[in-house]
Amino acid sequence: MKRVLLALALSLPAAAFAEGAASDPFVKGDAAAGAAKAAVCGACHGAGGNGGVNPAWPKLAAQGSKYIYTQLVAFKSGKRNNAVMAGQAAALSEKDMADLAAYFAAQPAVPGVASESAVSVAQKLYRAGDASRGLPACAACHGPKGAGNPASAYPHVAGQNAGYAASSLRAYRAGERGQEGNGQMMAAVAKHLTDAEIDALSSYLSGLQ
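Every value quoted in this text rests on a predicted model; they were computed, and no experiment measured them.

**Things to note about the overall build of the protein chain**
Argument step 1. Of regular secondary structure, the protein chain possesses 11 helices and 0 strands.
Argument step 2. When the helices and strands of the protein chain are read in sequence order from the N terminus, they spell out α-α-α-α-α-α-α-α-α-α-α.
Argument step 3. Going through the 209 residues of the protein chain one by one, you find that 43% of them count as buried.
Argument step 4. Nonlocal contacts in the protein chain, meaning residues at least 24 apart in sequence, comprise 65% of its contacts between residues at least 6 apart.
Argument step 5. In the structure as shown, the protein chain presents an accessible area of about 10,700 Å², 60% of it carried by carbon and sulfur atoms.

Quick look at the structure:
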């Protein structure tokens with residue numbers, strides 16, 4: 001029965017979390033309440049969380065609610081270090097974080113564009129990895145279309161700003177992120193990537209849909 005309910009939750013369209021719908025199944029947040037609270041987020045993350053302000057800042061639209069919630073908790077506690085986000089998260093209650101997570105999870109994502117030169121390098125890494133270097137396929141956790149796994153808090157990466165994706169991968173590789181949870185897996189993967197591969201993957205992710 002639990003498997004059936006989980007499968008149903010994973011298959012729910014974004015509209016299921018829209019205004020007036022039931023609370024998000026993963027963090028129990030209210031997307032309608034989160035819409036009002038998200039107004040200030042738009043200054044950096046763009047309308048509906050779709051970026052457009054600075055490519056170094058992440059898109060949040062269609063991001064898994066559980067992932068967003070855990071990241072906000074990490075910013076608030078100081079486990080994830082970012083001066084701007086620490087200040088923004090400091091005053092948020094657990095309910096605020098759950099509502100914001102539910103809101104952004106319900107927003108449709110707008111894809112970016114990948115460079116042609118990136119595809120030849122990144123597509124194989126994303127879909128098949130490189131066993132000779134101990135690199136698993138990115139798709140194993142993030143899915144063939146980059147939608148992630150909301151229940152496991154594996155993030156949605158399709159359409160992500162290339163600048164943010166690249167800085168995140170470099171932070172994992174340098175040990176600046178990934179001290180706990182799913183981040184440890186990313187740190188283990190990123191340490192095998194070259195700068196050229198990181199740049200190619202980041203561009204590829206931007207156009208993935």
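Here the narrative resumes.
**Here's the deal with the pattern of salt bridges**
Close approach of charged atoms allows side chains with opposite charge to pair.
Argument step 1. Evaluated as defined, the whole model comprises 9 salt bridges.
Argument step 2. Taking the shortest distance from any N to any O, the salt bridge between Arg 133 and Asp 130 comes out at 3.0 Å.
Argument step 3. With a shortest N-O distance of 2.6 Å, Asp 195 and Arg 173 are connected by a salt bridge. With Asp 195 in helix 11 (residues 195–207) and Arg 173 in helix 9 (residues 162–174), this residue pair connects regions lying 22 residues apart in the sequence.
Argument step 4. Residue classification places Asp 195 among the partly exposed residues on the basis of a relative accessible area of 39%.
Argument step 5. Each of Lys 37, Lys 95, Asp 96 and Asp 99 takes part in one network of salt bridges that share partners.

**A word on the side chain of Asn 161**
Argument step 1. Of note, Asn 161 is situated in the loop between helix 8 (139–142) and helix 9.
Argument step 2. For Asn 161, the side chain forms a polar contact with the main-chain oxygen of Trp 57, separated by 2.7 Å.

**Observations regarding helix 4 (residues 65–77)**
Argument step 1. Under the 1.5 Å per step criterion, the end-to-end length of helix 4 is 18 Å for 13 residues, consistent within 8% with the ideal 18 Å.
Argument step 2. What helix 4 keeps buried is the set Ser 65, Tyr 67, Ile 68, Gln 71, Leu 72, Ala 74 and Phe 75.
Argument step 3. On its buried side, helix 4 packs onto helix 5 (83–89) and helix 6 (94–105).
Argument step 4. Just beyond helix 4, the residue with positive phi is Gly 78, at close to 90°.

**Details of helix 7 (residues 116–128)**
Argument step 1. For helix 7, spanning 13 residues, the distance from its first C-alpha to its last is 19 Å, which sits close to the expected 18 Å at 1.5 Å a residue.
Argument step 2. The axis of helix 7 is deflected most strongly, by about 40°, at Ala 122.
Argument step 3. Those residues of helix 7 not exposed but buried are Ala 118, Ala 122, Leu 125 and Tyr 126.
Argument step 4. The positive-phi residue at the C-terminal boundary of helix 7 is Gly 129, with phi of around 70°.

**What to know about the packing of aromatic side chains**
Argument step 1. If you walk through the whole model with that rule in mind, you get 2 aromatic pairs.
Argument step 2. Note on Tyr 103 and Phe 104: the rings are 5.0 Å apart at their centroids and 65° apart in plane angle, and the pair reads as edge-to-face.
Argument step 3. Relative accessible area serves as the criterion here: at 4%, Phe 104 is assigned to the buried category.
Argument step 4. Residues Tyr 126 and Tyr 204 carry aromatic rings whose centres are separated by 5.7 Å and whose planes lie at 50° to one another, so their mutual orientation is tilted. Of the two residues, Tyr 126 sits in helix 7 while Tyr 204 sits in helix 11, which places them 78 residues apart along the sequence.

Calculation rules
- Residues numbered from 1 in each chain as written.
- Predicted model: local features only at pLDDT ≥ 70, side-chain atom pairs only at ≥ 80, totals over all residues.
- Heavy atoms only, no water.
- Helix = DSSP H or I, 4+ residues; strand = E, 2+ residues; numbered from the N terminus.
- Buried < 20%, exposed > 50% of the residue type's maximum accessible area, 1.4 Å probe, protein only.
- Contact = heavy atoms within 4.5 Å.
- Areas by Shrake-Rupley, 256 points an atom, 1.4 Å probe, with all protein chains shown as cover.
- Salt bridge = Lys/Arg side-chain N within 4 Å of Asp/Glu carboxyl O.
- Polar contact = N/O pair within 3.5 Å; in protein donor to acceptor, adjacent residues only side chain to side chain.
- Expected span 1.5 Å × (residues − 1).
- Bend = angle between axes of the 7 residues up to and from the residue.
- Phe/Tyr/Trp six-rings, centres within 6.5 Å; stacked < 30°, edge-to-face > 60°.

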